[in-house]
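# Summary of structural features
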Amino acid sequence: VLRSLGIPTRVITNFNSAHDRNINLSIDKYIDISGKTLHLTEDSVWNFHVWNESWFIRRDLGSFYDGWQVLDATPQERSKGIYQCGPASTRAIKEGDVNLDYDSSFVFAAVNADCVTWIRYSNKRKERIYSDTRKIGKFISTKAVGTNSRVDVTANYKYPEVKEISFKISYSQYKNSLVDDRKILVTAV
């Protein structure tokens, strides 16, 4: 319909798409102390989800948010009382502006939520034991114009994932570094 009105529109596919029911920007999994899954949340991760993007000028949000806007024709959640999603600015999603109207927090979570596992000890006590910040929002794609090739548009939705650098030092190296820090501090005073 939007294309017939002359509005640029394209289909977007998001792999490992989060469905954050409570809009806390994480997909939470709860287990008991024996490791048994507790069904305390309706959050889920879908293999993929598809929505549309259309190119709009956003006088309501300001020119910073002009450009591609997410519109989901198959919303699974109510927004302001009805089943709708969007138009959410891809710029807002990338910048983490989750407090804007038009479901930007829901779409942000779909491409950028953390998957968190909690041990629940009691109704009042839980402990986070694992967090995966890279699982959600992979290979966000659209079809190339005029061919059947895939175009990766992930960079329109999120910044590159930061690679963790893991290194270990011995206790004596750590202790020596503290001594060096103390020397610098004393010298500076």
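Data block above holds the structure.
Since the model is a prediction, treat every value here as computed from it, not as a measurement. (Residues numbered from 1 in each chain as written. Predicted model: local features only at pLDDT ≥ 70, side-chain atom pairs only at ≥ 80, totals over all residues. Heavy atoms only, no water.)

This next bit is on the overall build of the protein chain. Scanning the protein chain from N- to C-terminus turns up 4 helices and 12 strands. Looking at the 189 residues of the protein chain, the share that counts as buried comes to 34%. Within the protein chain, residue pairs in contact and separated by at least 24 positions form 54% of the contacts whose partners lie at least 6 positions apart. Only carbon and sulfur atoms are counted for the fraction: they give 55% of the accessible area of the protein chain, which is about 12,600 Å². (Helix = DSSP H or I, 4+ residues; strand = E, 2+ residues; numbered from the N terminus. Buried < 20%, exposed > 50% of the residue type's maximum accessible area, 1.4 Å probe, protein only. Contact = heavy atoms within 4.5 Å. Areas by Shrake-Rupley, 256 points an atom, 1.4 Å probe, with all protein chains shown as cover.)

As a further point, take the packing of aromatic side chains. To describe a pair of aromatic rings, one takes the distance between the centres and the angle between the planes. One pass over the full model with this rule turns up 5 aromatic pairs. Ring plane angle 55° and centroid distance 6.0 Å describe the contact between W51 and Y157, whose orientation is recorded as tilted. Remark: Y157 occurs in helix α3 (residues 154-157) and W51 occurs in strand β4 (residues 44-56); sequence separation between them is 106 residues. Judged by its relative accessible area of 4%, W51 is buried. The ring of W68 carries the charged tip of R10 above its face, separated from the ring centre by 4.0 Å. One Lys or Arg, R125, reaches over the ring of Y121 and ends 4.2 Å from the middle of that ring. (Phe/Tyr/Trp six-rings, centres within 6.5 Å; stacked < 30°, edge-to-face > 60°. Lys NZ or Arg CZ within 6 Å of the ring centre and 35° of its normal.)

Taken in spatial order, the 4 strands of this open sheet run β3-β2-β9-β10, and their pairing is mixed. The outermost strands of the open sheet, each flanked by one partner alone, are β3 (37-38) and β10 (126-132). In terms of strand pairing, strand β2 (residues 26-31) meets β3 through 2 bridges, oriented antiparallel. Across the sheet, residue Y30 finds its bridge partner in β3, namely L38. (Pairing = 2+ DSSP bridges.)

Further remarks concern the nonpolar core. The tendency in soluble globular proteins is for nonpolar side chains to be buried side by side. W51, V70, I93, V107 and Y157 are the most contacted members of the largest nonpolar core, which has 14 residues in total. Broken down by element, this core gets its largest block of residues, 5 residues, from helix α2 (residues 104-112). Beyond its immediate sequence surroundings of up to four residues, I93 is in contact with V70, A88, S104, V107, F108, V111 and Y157. Counting 6 residues, the second largest nonpolar core, distinct from the first, contains A18, I27, A109 and C115. (Core = buried A, V, L, I, M, F, W, Y, C linked by side-chain atoms within 4.5 Å.)

Bringing the pattern of salt bridges into the picture now. Side chains bearing opposite charge may pair, as long as their charged atoms lie close to each other. Enumeration according to the criterion identifies 4 salt bridges in this entry. The closest approach of N and O atoms between R58 and D60, which form a salt bridge, is 2.9 Å. Among the residues examined, R58 registers a relative accessible area of 3% and is labelled buried. The residue R150 makes a salt bridge to D152 at a minimum N-O spacing of 3.6 Å. Residue classification places R150 among the partly exposed residues on the basis of a relative accessible area of 49%. Exposure remark for D152: the relative accessible area of 41% places this residue in the partly exposed category. (Salt bridge = Lys/Arg side-chain N within 4 Å of Asp/Glu carboxyl O.)

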